[in-house]
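# Fold and contact review
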Amino acid sequence: MTDRKEINQRIALFERATALFGRFGSLIPTVIAFLNKWPSEVELYPHWQVGESWKLFLSLYLYWFAWLALGRAISFAKGSVEP
């Protein structure tokens, strides 16, 4: 019984960390972008070039996909622990 309780506590802790990651995870690439002095504006006119700002958008989507994957991992872990 203590093993199941300990596993449930760890899953709950992982779930809270994932919720915090989902809430504040997008700040990480944004802060990195501004610390690296990436451009913060997208210039689409006159040459339709995005410049270096694509890195910021790509990293935001990667963090979003990581958050979705963590959520799925938690749901699978909960399903496998429940009797």
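Above this text is the structure in question.
Residues numbered from 1 in each chain as written. Predicted model: local features only at pLDDT ≥ 70, side-chain atom pairs only at ≥ 80, totals over all residues. Heavy atoms only, no water.

## Focus on the side chain of threonine 18
Inspection of the secondary structure puts threonine 18 in helix α1 (residues 2–24). Beyond its immediate stretch of four places on either side in the chain, threonine 18 contacts Trp67, Leu70, Gly71 and Ile74. (Helix = DSSP H or I, 4+ residues; strand = E, 2+ residues; numbered from the N terminus. Contact = heavy atoms within 4.5 Å.)

## Things to note about the packing of aromatic side chains
Following the criterion strictly, the structure yields two aromatic pairs and no others. For the pair tryptophan 64 and phenylalanine 65, a centre-to-centre distance of 5.1 Å together with 50° between the ring planes defines the contact as tilted. (Phe/Tyr/Trp six-rings, centres within 6.5 Å; stacked < 30°, edge-to-face > 60°.)

## Some words on a nonpolar patch on the surface
A cluster of nonpolar residues, Trp54, Phe57, Leu58, Tyr61, Leu62, Trp64, Phe65, Trp67 and Leu68, forms a patch on the protein surface that exposes about 940 Å² of accessible area. In this fold, phenylalanine 65 is placed in helix α3 (residues 54–81). (Patch = residues over 30% accessible without salt bridge, like charges linked within 9 Å, V, L, I, M, F, W, Y side chains within 5 Å. Areas by Shrake-Rupley, 256 points an atom, 1.4 Å probe, with all protein chains shown as cover. Salt bridge = Lys/Arg side-chain N within 4 Å of Asp/Glu carboxyl O.)

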